[in-house]
Amino acid sequence: MWSICSKMVKVGMAKPCGLVKTCHLVKPISATRITGRYLTHQKGLPSLPVPALQQTLERYITALEPIVEVEELMNTKQLVSDFQKPGGVGERLQKGLERRAHNTENWLSKWWVQVAYLDYRLPVVIHSSPGLVLPRMNFNDKEGQTRFAAKLIAGVLDFKTMIDNETIPVEYLGGKPLCMNQYYEVLSSCRLPGVRRDAVVNHAKSSSPPKHITVVHNFQFFMLDVYNSDGTPLTVEQIYVQLERICSASLKTNVEPVGILTTQHRDIWGKTFVNLIKDRTNKESVLAIQRSIFTLCLDGPMPEVAEDGYRSCAAAQMLHGGGSLWNSGNRWFDKTLQFIIGEDGTCGANYEHAPAEGPPIVALIDHVVEYTRKLEMIQSSTGPLPMPKKLHFNITPEIKKDIEEAKQSMDVLADDLLMRVIVFNQFGKNFAKAHKMSPDAFIQVALQLAYYRMHQHCCATYESASLRMFRLGRTDTIRSTSSASAAFVKSFDDPDKQNTEKVDLMEKAVKAHRSYTNLAISGQAIDRHILGLKMQAAEEKISIPDVFKDPSYAKALHFRLSTSQVPSKTDCLMCFGPVVPNGYGVCYNPMDDHINFAVSSFNGCKETNAAGLAQAVESALLDMRTLLEQTPRAKL
Ligand code: COA
Ligand code: HC5
């Protein structure tokens, strides 16, 4: 195992005026990282297990109970029983999966990345790439924007030093060490569009890893070297000077927003891409963006909003940029990490999801926020640096047409998204803990209640569970809708039910959720196993078993509630879009005494309403608290 090393920011000495200087514990950047500590840690991690077939199939039936009709369930039981007959197709696929588990580092991860990301053809914007909003920063003009951007870049480079030196502290979940691989996948990487399937490339692993970032301002891209020739990172002051030069060299705003092409449906972008890079200049520019350590977006203004709409607007800025008239073209959405700095103190990021889950990105952002807070003002002289290189694009009439089409579809998409952010201030994690309940389970049960109150039925619900206890682990699904949660939500507003009974049902629902969570994080949930069986059938060229053609299976995967807990140390807000047209995306960050929620829905769906659900979540949490506080605990 690694020892936990907290080699953190070393801050320069205070001087009376001017900018900032930091010292870094660096070794010159090179591609030698996959060595010692990291590998030793990784080797010590267990492999992802393949759950027992019968266990998964039994749990599948149990999970369907609250979300399908009685007759559908009967039919499914028959299909499941056919599937698991001794010597039948289920057993064969299970054996295939077990073989695969034996022969690979992780039987699931490659398949998961293909299915969930690279084969998924809807635009990454809203449909796949999450947004992150930082606490609002204290600036309100161009200079403040550039100054903060310089600090942020320095903070990311400081984190990169920890990656390069393999000194990121190992994370733990439930006392178990987690796989750290994702930290090595988020910098210097990029998604590549394809006509049917995308790919991801990681240049950190190349023999000459990149030393530049890309900066985009007024839709114009620049390549900014962020290391000196001796391998030390530029100081904040140096970065600031370079950013000012970039801004002065990109004052024109009537420029073709070539970045908006990355917001398109993936097949369309895949085709345009082939065309775009036929031109040598374009190809070089695209390669420079793809190879860069990350992208920094210096945004133009966003529409004015009232104070109470500020957070929702900031979330939209991070998720999609506001449409072609605002900042959606000031992006390269294929880039794994894009930091976004507005002119009014709004800061955040957007990340392409294929290489990593949210928590490593949030750990990076937490580090950056804390780093920028610790920086002290000093003045230091800087020698002349080369002018950042502008990345040129030759826009043919055909590409121009593609840009216009991308603008239109981006605007339709942005208009369709309703994003509502609430900061629930009445209580946070501590309240559930004081009542001896899992805070996450408490919030999930409240979400179930909120949804039921709005829609009068229970729906298939997804919550992300980390599989990072296992080598190269990504996620499985916690199915938050259980028979216990259904019984609770149906009883809650029933005047014939006693409060003691409601509390009892609440406790059972919360416990059921926590026990499913425990299964999921220990690799014993059902969703990825079932996916694996289906993928194995495709791999062995066996015709798809009937159990996967069943309406119950389709219902089980139609997640009208797609949710994720993403905690952060600093008071950040994470957000994403719904995964089905008539669904909601709900991302929440539970802090000790408050909870940040970002709820999304599509305006095109008349049944759903993110603002309504956000309000209902607030009421559900408050009503659950009132019930607990007014009811003597039955079993105490
Ligand atoms: N009584 C008192 N305290 C309790 C409790 C109980 N019955 N049950 C849990 N707690 C405490 C825990 O000990 C923990 O304490 P801590 O704050 O000191 O760490 C805290 O409450 C939070 O626990 P809980 O709310 O149960 O959830 P969790 O932190 O274990 O998180 C998941 C649950 C599912 C979110 C987590 O396992 C996970 O998988 N996270 C990753 C999700 C992810 O990857 N999201 C992004 C995908 S891109
Ligand atoms: C910045 C944090 C964003 C969280 C993103 C997230 O939770 O993504 C989920 C990944 C997974 O595999 O469960 C997918 N989801 C958004 C559809 C819940």
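Attention in this report is confined to the structure presented alongside it. (Residues numbered from 1 in each chain as written. Chains lettered and ligands numbered in written order. Predicted model: local features only at pLDDT ≥ 70, side-chain atom pairs only at ≥ 80, totals over all residues. Heavy atoms only, no water.)

Structural notes on the site of ligand 2
And then number 1: In the region of ligand 2, 18 residues are neighbours, and H353, Y462, S464, T475 and S564 sit closest.
And then number 2: Taking S464, its side chain carries an N or O atom lying 2.7 Å from an oxygen atom of ligand 2.
And then number 3: Contacts to ligand 2 include S564, whose side-chain N or O atom sits 2.7 Å from an oxygen atom.
And then number 4: Isolated, ligand 2 exposes 480 Å² of accessible area, and the fraction of that covered by the protein chains is 92%.
And then number 5: Among the secondary structure elements, those contributing two or more residues to the shell around ligand 2 are α5 (109-118), β15 (461-466) and β17 (561-565).
And then number 6: Among the elements that take part in the shell around ligand 2, β17 stands out by supplying three residues, more than any other. (Near = heavy atom within 4 Å. Polar contact = N/O pair within 3.5 Å; in protein donor to acceptor, adjacent residues only side chain to side chain. Areas by Shrake-Rupley, 256 points an atom, 1.4 Å probe, with all protein chains shown as cover. Helix = DSSP H or I, 4+ residues; strand = E, 2+ residues; numbered from the N terminus.)

Overview of the layout of surface pockets
And then number 1: Quantified by volume, the second largest pocket comes out at close to 800 Å³.
And then number 2: S109, K110, N181, E185 and L472 are the residues nearest the centre of the second largest pocket, which is lined by 29 residues in total.
And then number 3: For the lining of the second largest pocket, the secondary structure elements donating two or more residues are α1 (36-43), α5 and β7 (199-202).
And then number 4: For the lining of the second largest pocket, the element with the most residues is α5, which contributes five residues.
And then number 5: Of the residues belonging to the lining of the second largest pocket, the class tally is twelve nonpolar, nine polar and eight charged. (1 Å grid on protein atoms, 1.4 Å probe; cavity = no way out; pocket = protein on both sides within 12 Å on 5 of 7 lines; lining within 4 Å. Points joined across faces, edges and corners; volume = space filled by probe spheres on them. Nonpolar A, V, L, I, M, F, W, Y, C, P; charged D, E, K, R; others polar.)

Some words on the nonpolar core
And then number 1: L243, L296 and F339 are the most contacted members of the largest nonpolar core, which totals 59 residues.
And then number 2: Secondary-structure elements contributing two or more residues to this core are α6 (142-164), β8 (212-217), β9 (220-225), α7 (236-248), β10 (295-298), β11 (337-341), β12 (347-351) and α11 (358-374).
And then number 3: Setting aside anything within four residues of it in sequence, one finds F339 in contact with L152, V156, F294, T295, L296, C297, G348, A349, L364 and I365.
And then number 4: Counting residues in each nonpolar core, the second largest holds 48 residues, with F83, W107, W112 and F559 among its members. (Core = buried A, V, L, I, M, F, W, Y, C linked by side-chain atoms within 4.5 Å. Buried < 20%, exposed > 50% of the residue type's maximum accessible area, 1.4 Å probe, protein only. Contact = heavy atoms within 4.5 Å.)

Looking at helix α12 (residues 397-416)
And then number 1: The end-to-end C-alpha distance of α12, which contains 20 residues, comes to 29 Å, matching closely the 28 Å that a straight helix rising 1.5 Å per residue would cover.
And then number 2: Turning to α12, its buried residues are I399, D402, I403, A406, M410, L413 and A414. Here the buried residues of α12 occupy an arc of 100 degrees about the axis, which is enough to place them on one side. With respect to the buried face of α12, the exposed residues turned more than 90 degrees away are P397, K401, Q408, V412 and D415.
And then number 3: Lining the buried residues of α12 we find α8 (266-276) and β14 (417-424). (Expected span 1.5 Å × (residues − 1). Arc of directions from axis to C-beta.)

Thoughts on the site of ligand 1
And then number 1: Around ligand 1 sit 23 residues, and of these K433, S438, D440, S466 and R514 come closest.
And then number 2: One nitrogen or oxygen atom from the main chain of K436 is found 3.0 Å from a nitrogen atom belonging to ligand 1.
And then number 3: Within the backbone of S466, a nitrogen or oxygen atom sits 2.8 Å from an oxygen atom of ligand 1.
And then number 4: For ligand 1, whose unbound accessible area comes to 970 Å², protein coverage reaches 69%.

A few points about the pairing of strand β6 (residues 189-192)
And then number 1: Here β6 pairs with β7 via four bridges, running antiparallel. Paired with R191 across the strands is V200, a residue of β7.
And then number 2: Where β6 folds back onto β7 in an antiparallel hairpin, the turn is made up of six residues. (Pairing = 2+ DSSP bridges.)

Some thoughts on the environment of E507
And then number 1: Relative to the helices and strands, E507 is located in helix α16 (residues 499-521).
And then number 2: In the structure, E507 is positioned 143 residues away from L364 in sequence and 36 Å away in space, judged by C-alpha atoms.

As for the packing of α8 against α12
The angle between the axes and the distance between the axes are what describe a pair of packed helices.
And then number 1: Between α8 and α12, the shortest axis-to-axis distance is 10 Å and the interhelical angle comes to 150 degrees. Looking at the two axes, α8 sits roughly antiparallel to α12. Relative to α12, α8 is oriented so that their crossing is left-handed. Of α12, the residues touching α8 (which contributes T272, N275 and L276) are E398, I399 and D402.
And then number 2: For the contact of α8 with α12, the residue count by class is two nonpolar, two polar and two charged. (Axes fitted to C-alpha atoms, helices over the stretch in contact; angles between N-to-C directions. Parallel < 35°, antiparallel > 145°, perpendicular 65-115°, else oblique. Left-handed = near helix turned anticlockwise from the far one by under 90°.)

Things to note about the environment of S229
And then number 1: By the element assignment, S229 lies in the loop between β9 and α7.
And then number 2: Residue S229 is classed as exposed on the basis of its relative accessible area, which comes to 86%.
And then number 3: A C-alpha to C-alpha distance of 42 Å links S229 and S47, two positions 182 residues apart in sequence.

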